Amino acid sequence: MTDWKAAFTTTFGAPASAVSARIWAEVYGEEYPAELDTYSFVTRSDLRHIAREAWLGPGGRLADIGCGRGGPGLWVAARTDATLTGVDIAETALASARRRAEAMGVEAAEFRVGSFEGTGLDDGSFEAVMSVDALLFAPDKPRACAEFARILTPGGRLLVTTWDFDGQPANRPPQVADHRPLLEAAGFDVLSYEETPDWRTLQRRAMELSLERVNDLAAESGDDPNRLRGSLEQTLRNQDLMTRRVLLVASLR
Ligand SMILES: C[S@@+](CC[C@H](N)C(=O)[O-])C[C@H]1O[C@@H](n2cnc3c(N)ncnc32)[C@H](O)[C@@H]1O
């Protein structure tokens, strides 16, 4: 099994890939939030949905778990006038997120090392928690859901994009067929559980184009093209086991 902390620390230690950004712009068009340096399949529609359903106002407290370079959380915080705490296992991602917060002029933002299993955040300290395309890396999903519940205030909102799987993808932590029973067991009411539009076609196209341009990607990152090709092919095979990419909204009872 991959050491994800080491892998993501290396990924985010390098500048965001310009080759990938061109591929994502080609595949997602106007829906690609290019200015946020996302490392995910998040769309502008996803971000608007999250901001709308977070029910945050001025002074509201938002946490983004698995925040990566910080773009999605900062966008939602700026849009809702909330304060932001971003958490990720990769310190390199957090360093990049701090620079982004400064560049975006979002002063009420901090970024800390932590994980889905242990965010290090206080009990009941957020009105909303979001997580974009990261929960699949949590090794213990029931524990991650319990951690979401622990850090939210009663009635707090949870907004997550992630994937349900039919089967276990290779080289990934254990996946689940449906996140709703886990969330309900952790004390949430699941308010909506919507498949995001065209997710399979879009993800497949992004991976196919990445494979076509694997030499450009490898030249950019200094990676071995054969290793990179193998990893992209693995990602494509894993995508076949995904049954849906969901944007879920839940509230803590
Ligand atoms: C696909 S990236 C998404 C990043 C960001 N949310 C975005 O949309 O650009 C997955 C993120 O999850 C983080 N991650 C992986 N395992 C984690 C864990 N156990 N706890 C917290 N974050 C984790 C990675 O470091 C990475 O930043």
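Residues numbered from 1 in each chain as written. Predicted model: local features only at pLDDT ≥ 70, side-chain atom pairs only at ≥ 80, totals over all residues. Heavy atoms only, no water.

## Comments concerning the overall build of the protein chain
Then step 1. A count of helical and extended segments in the protein chain gives 10 helices and seven strands.
Then step 2. Taking 253 residues into account, the globule formula puts the C-alpha radius of gyration at 18 Å, and the protein chain, at 17 Å, falls close to it.
Then step 3. For the protein chain, the C-alpha atoms occupy an extent of roughly 50 × 40 × 30 Å along the three principal directions.
Then step 4. Across the 253 residues of the protein chain, 51% fall into the buried class. (Helix = DSSP H or I, 4+ residues; strand = E, 2+ residues; numbered from the N terminus. Rg over C-alpha atoms; globule rule 2.2 N^0.38 Å. Buried < 20%, exposed > 50% of the residue type's maximum accessible area, 1.4 Å probe, protein only.)

## Section: the state of the cysteines
Then step 1. As enumerated under the stated definition, the model contains zero disulfides in all.
Then step 2. Left without a disulfide partner, C67 is nearest to the cysteine sulfur of C145, which lies 18 Å away. (Disulfide = S-S within 2.5 Å.)

## Considerations on the pattern of salt bridges
Then step 1. As enumerated under the stated definition, the model contains 18 salt bridges in all.
Then step 2. One network of salt bridges, in which partners are shared, links D164, D178, R180 and R244. (Salt bridge = Lys/Arg side-chain N within 4 Å of Asp/Glu carboxyl O.)

## With respect to unusual backbone geometry
Then step 1. Backbone geometry at D81 places phi at a positive 70°, although glycine is not the residue there.
Then step 2. With respect to the helices, strands and loops of the structure, D81 is situated in the loop between helix 4 (71-80) and strand 2 (83-88).
Then step 3. At N171, a position not held by glycine, the phi torsion is positive, near 55°.
Then step 4. Among the structural elements, N171 can be located in the loop between strand 5 (152-165) and helix 7 (180-185).
Then step 5. Overall, the relative accessible area of 33% leaves N171 in the partly exposed class.

## Points about the side chain of S131
Then step 1. Along the polypeptide, S131 turns up in strand 4 (residues 126-132).
Then step 2. Given the relative accessible area of 0%, S131 is considered buried.
Then step 3. If we skip the residues at most four places from it in the chain, S131 touches D64, I65, F116, L159, V160 and T161. (Contact = heavy atoms within 4.5 Å.)

## Some details on the sheet that holds strand 3 (residues 109-113)
Within a sheet, each strand pairs with its neighbour through backbone hydrogen bonds, oriented either parallel or antiparallel.
Then step 1. Strand order in the open sheet formed by seven strands is 3-2-1-4-5-7-6, with mixed pairing between adjacent strands. The open sheet has two edge strands, strand 3 and strand 6 (188-195), and neither has a second partner. Neighbouring strand axes in the sheet, compared pairwise and without regard to direction, differ in orientation by 20° on average.
Then step 2. Two elements, strand 1 (residues 61-65) and strand 2, share five bridges in a ladder whose sense is parallel. Among the inter-strand pairings, I65 is bridged to a residue of strand 2, identified as V87.
Then step 3. With respect to the sheet, helix 6 (residues 141-151) is in contact with strand 1, strand 4, strand 5, strand 6 and strand 7 (242-252), its orientation differing from that of strand 5 by roughly 155°.
Then step 4. Packed onto the sheet, helix 8 (residues 199-212) meets strand 5, strand 6 and strand 7 and runs at close to 120° relative to strand 7. (Pairing = 2+ DSSP bridges. Axes fitted to C-alpha atoms, helices over the stretch in contact; angles between N-to-C directions.)

## So, the site of the ligand
Then step 1. By nearness alone, 19 residues border the ligand, and Y39, S40, G66, D88 and F116 come closest of all.
Then step 2. One of the backbone nitrogen or oxygen atoms of G66 is found 2.8 Å away from a nitrogen atom of the ligand.
Then step 3. Protein contact buries 96% of the 590 Å² of open area that the ligand shows by itself.
Then step 4. Taken together, the residues that form the shell around the ligand break down as 10 nonpolar, six polar and three charged. (Near = heavy atom within 4 Å. Polar contact = N/O pair within 3.5 Å; in protein donor to acceptor, adjacent residues only side chain to side chain. Areas by Shrake-Rupley, 256 points an atom, 1.4 Å probe, with all protein chains shown as cover. Nonpolar A, V, L, I, M, F, W, Y, C, P; charged D, E, K, R; others polar.)

In short, geometric facts, not functional conclusions.
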